[in-house]
Amino acid sequence: MGSIRVDFEGSAGERLAARLDMPVGGAPLAYALFAHCFTCSKNLNAVVHIARALNRARIAVLRFDFTGLGDSEGDFADTNFSSNVADLVAAARYLEEAYEAPSILIGHSFGGAAGLRAASEIPSVRAVATIAAPADPGHVAHLIASSRDEIEARGEADVVIAGRRFTIRKQFLDDLQAARMEESIAGLGCALLIFHSPVDSIVGIENAEQIYRAARHPKSFISLDRADHLLADSDDSVYVGAMLAAWAAKYIDAAPEAAEEESDREKSVVVRTGPKGYRTEILAAGHPLVADEPVSVGGSDTGPNPWGLLLAALGACTTITLRMYADRKEWPLEGIQVALRHQRIPAATGGASGAGGGVVDEIEQVVALEGSLDEAQLARLCEIAARCPVHRTLERGANIMTVPSGDPGSCGPAS
């Protein structure tokens, strides 16, 4: 299904815009809810990268725009910290009613503080992760410090944050002042993971220390080294996503309907490419993989291209077949390495198989075997290397049938 556009009713009755990022193939193991940073949106690159990483771990992610931001309805000037918390609770309610209650809550910056407060109101949450979150939501007041006197005197003022103009009203400041986070953090009642950069110039690292000290175990901290507050470098957000996915796996239980029959999982491969770019998500027998194209042809080089995956399949099949054979014979084969290269050569140099002109695909495979093998064993293993199932399939070819799924837009034979 990919990334689905959804909307739901927020705390003030406005329609909030969201994206539900679903993993490739099969039902999700769990659902996560993502709260974005102050005046940001659900489409921030860092949020998308983190959602993708969780999708690879078969965790669905709902990311939404708070009231008055992004594609959501409402007036930002009417919102505050408390309304953000209430929007998170409303988002969790939507997930529970439409799909499944969230077990993971993730918040970036101001959204992290909102997540810490909202967790106690979402009984299904078993794990909370914060990214560059302030220990006190009042920390954002420094962003509007130059307009504070005007807000106090007139009741509101226009302020510019990250190049965009927002109206901030006195009720926003009053609500920040009333927020008390230490009790919420201490009473979290679930696992906590804190991400923070020691060089964050927007929300200092001391905030992570305060949150960590206030929280009870189980709690963990991961330093983001040289990352900036918004994780503008994609390497940083990809890292956060990968670590978050690994950590969250300990705290989620797969729903019974998410478990696939083993026989089906062994045969099933599902591949999905998004609306732009060549990055492709793969679920192969329950294992997530990524394919892409090099930057030189317009890709983002986040994984091997399809030819690389084909060579990998052949190489893996070769080594596994050799290992199975050597183990059955109890031969001293200590290691196997296969180096492969694909090229397309003119048919004129391709021998009989190239008759008819055009080009011929050629795969060069170099097999190296380690161990105290005698000449007869070595010769036999070299014969076996050319007999693996993938090797044979490539040599004899395969019938590939595109069949309709029955869903709208499905490809199939022409009628």
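Residues numbered from 1 in each chain as written. Predicted model: local features only at pLDDT ≥ 70, side-chain atom pairs only at ≥ 80, totals over all residues. Heavy atoms only, no water.

### Considering the packing of helix 2 (residues 81–98) against helix 3 (residues 110–118)
When two helices pack together, their arrangement is given by the angle between the helix axes and by the axis-to-axis distance.
Alright, step 1. Contact geometry of helix 2 with helix 3 gives a least axis separation of 9 Å together with a crossing angle of 65 degrees. With respect to each other, helix 2 and helix 3 are oriented roughly perpendicular. Two packed elements cross with a definite hand, and for helix 2 against helix 3 that hand is right-handed. Residues Phe81, Asn84, Val85, Leu88 and Val89 of helix 2 touch helix 3, and the partners they reach there are Phe110, Ala113, Ala114, Gly115, Arg117 and Ala118.
Alright, step 2. Split into classes, the residues belonging to the contact of helix 2 with helix 3 amount to 8 nonpolar, 2 polar and 1 charged. (Axes fitted to C-alpha atoms, helices over the stretch in contact; angles between N-to-C directions. Helix = DSSP H or I, 4+ residues; strand = E, 2+ residues; numbered from the N terminus. Parallel < 35°, antiparallel > 145°, perpendicular 65-115°, else oblique. Left-handed = near helix turned anticlockwise from the far one by under 90°. Contact = heavy atoms within 4.5 Å. Nonpolar A, V, L, I, M, F, W, Y, C, P; charged D, E, K, R; others polar.)

### Comments concerning helix 11 (residues 375–385)
Alright, step 1. Turning to helix 11, its buried residues are Gln377, Leu381, Ile384 and Ala385. End-on view of helix 11: buried residues confined to an arc of 100 degrees, all on one side of the axis. Along helix 11, the residues that are exposed and aim more than 90 degrees away from the buried face are Glu375 and Ala376.
Alright, step 2. Looking at the buried positions of helix 11, the neighbouring elements they touch are helix 10 (306–329), strand 15 (359–370) and helix 12 (389–396).
Alright, step 3. Regarding helix 11, its N-cap is Asp374, as a side-chain oxygen of that residue lies 3.2 Å from the backbone nitrogen of Ala376 further along. (Buried < 20%, exposed > 50% of the residue type's maximum accessible area, 1.4 Å probe, protein only. Arc of directions from axis to C-beta. Polar contact = N/O pair within 3.5 Å; in protein donor to acceptor, adjacent residues only side chain to side chain.)

### Describing the sheet that holds strand 5 (residues 104–108)
Alright, step 1. Overall, mixed pairing links the 8 strands, which are arranged 1-2-4-3-5-6-9-10 in an open sheet. The outermost strands of the open sheet, each flanked by one partner alone, are strand 1 (3–9) and strand 10 (219–223). Sheet twist, expressed as the average angle between the axes of neighbouring strands with direction ignored, equals 20 degrees.
Alright, step 2. Strand direction decides the pairing type here: strand 3 (residues 30–35) and strand 5, joined by 4 bridges, are parallel. In the strand pairing of strand 5, Ala32 is matched with Ile104.
Alright, step 3. Running at roughly 170 degrees to strand 9 (residues 191–196), helix 7 (residues 206–214) makes contact with strand 9 and strand 10 of the sheet. (Pairing = 2+ DSSP bridges.)

### Examining the nonpolar core
Alright, step 1. Ranked by internal contacts, the top residues of the largest apolar core, which has 60 residues, are Phe8, Leu62, Phe64, Phe81, Leu88 and Val128.
Alright, step 2. It is helix 2 that provides the largest number of residues to this core, a total of 9 residues.
Alright, step 3. Contacts of Val128, omitting those with residues within four sequence positions, involve Leu105, Leu116, Ala119, Leu188, Cys190, Ala191, Leu192, Leu193 and Trp247.
Alright, step 4. Ala46, Ala191, Ile222 and Tyr251 belong to the second-largest nonpolar core, a separate cluster that totals 30 residues. (Core = buried A, V, L, I, M, F, W, Y, C linked by side-chain atoms within 4.5 Å.)

### Examining unusual backbone geometry
Alright, step 1. Here the amide bond leading from His217 into Pro218 is cis, since omega sits at 5 degrees, within 30 degrees of zero.
Alright, step 2. A positive phi is found at Thr39, a non-glycine position, where the angle reads about 65 degrees.
Alright, step 3. Turning to its location among the elements, Thr39 is positioned in the loop between strand 3 and helix 1 (45–56).
Alright, step 4. Of the residues examined, Thr39 reaches a relative accessible area of 4% and is grouped as buried.
Alright, step 5. Non-glycine residue Ala132 carries a positive phi angle of around 55 degrees.

### Thoughts on the confidence of the model for the chain
Alright, step 1. Across the chain, the average pLDDT comes to 88, with 91% of residues at 70 or higher.
Alright, step 2. This stretch, residues 255–263, has a pLDDT under 50; its non-local contacts, to residues over four places away or in other chains, come to 11 contacts. (pLDDT = per-residue confidence, 0-100.)

### Some thoughts on the environment of Arg164
Alright, step 1. The residue Arg164 is located in strand 8 (residues 164–169) in this model.
Alright, step 2. Residues Arg164 and Thr39, spaced 125 residues apart in sequence, show a C-alpha to C-alpha distance of 8.9 Å.
Alright, step 3. Setting aside chain neighbours within four positions, we find Arg164 in contact with Thr39, Cys40 and Val159.

### Structural notes on the sheet that holds strand 13 (residues 287–291)
Alright, step 1. Spatially, 11-12-13 is the arrangement adopted by the 3 strands of the open sheet, whose pairing is antiparallel. Each edge of the sheet is formed by a strand with only one pairing partner; in this case those strands are strand 11 (269–273) and strand 13. Here the strands of the sheet are splayed against their neighbours by 20 degrees on average, with no regard to which way each runs.
Alright, step 2. Sheet analysis places strand 11 next to strand 12 (residues 280–284), joined by 5 bridges and oriented antiparallel. Counted as the bridge partner of Arg272 is Glu281 from strand 12.

### Observations concerning the packing of aromatic side chains
Alright, step 1. Applying the stated criterion across every chain, the model contains 13 aromatic pairs.
Alright, step 2. With a centroid separation of 5.5 Å and 65 degrees between ring planes, the pair formed by Phe81 and Phe110 is classed as edge-to-face. In this pair, Phe81 sits in helix 2 while Phe110 sits in helix 3, placing the two residues 29 residues apart along the sequence. Taken as a pair, Phe81 and Phe110 share a single burial class, namely buried.
Alright, step 3. One aromatic cluster is present, built from ring pairs that chain together Phe8, Tyr31, Phe64, Phe66, Tyr94 and Tyr99.
Alright, step 4. Against the face of Tyr212 rests Lys219, its NZ or CZ located 4.4 Å from the ring centre. (Phe/Tyr/Trp six-rings, centres within 6.5 Å; stacked < 30°, edge-to-face > 60°. Lys NZ or Arg CZ within 6 Å of the ring centre and 35° of its normal.)

### Notes on the pattern of salt bridges
Between side chains of opposite charge, pairing is possible as soon as their charged atoms come close.
Alright, step 1. Enumeration according to the criterion identifies 16 salt bridges in this entry.
Alright, step 2. For Glu281, the salt bridge goes to Arg56, with nearest N and O atoms at 3.8 Å. Separated by 225 residues along the polypeptide, Glu281 in strand 12 and Arg56 in helix 1 bring together distant segments of the chain.
Alright, step 3. Its relative accessible area of 22% is what places Arg56 among the partly exposed residues.
Alright, step 4. The salt bridge involving Arg279 is made with Glu281; its shortest N-O contact spans 3.1 Å. Assigned by exposure class, Arg279 and Glu281 land together as buried. (Salt bridge = Lys/Arg side-chain N within 4 Å of Asp/Glu carboxyl O.)

### Digging into the state of the cysteines
Alright, step 1. Scanning all chains against the criterion turns up 1 disulfide.
Alright, step 2. Two residues share a disulfide in this structure: Cys37 and Cys40, whose sulfurs sit 1.9 Å from each other. What sets the handedness of the Cys37 and Cys40 disulfide is the S-S torsion sign, and at about -90 degrees it is left-handed. For the pair shown, Cys37 and Cys40 are each scored as buried.
Alright, step 3. The closest cysteine sulfur to the non-disulfide-bonded Cys317 is located on Cys388, 3.2 Å from its own sulfur.
Alright, step 4. For Cys317, a relative accessible area of 13% corresponds to the buried category.
Alright, step 5. The exposure class of Cys388 is buried, given its relative accessible area of 0%. (Disulfide = S-S within 2.5 Å.)

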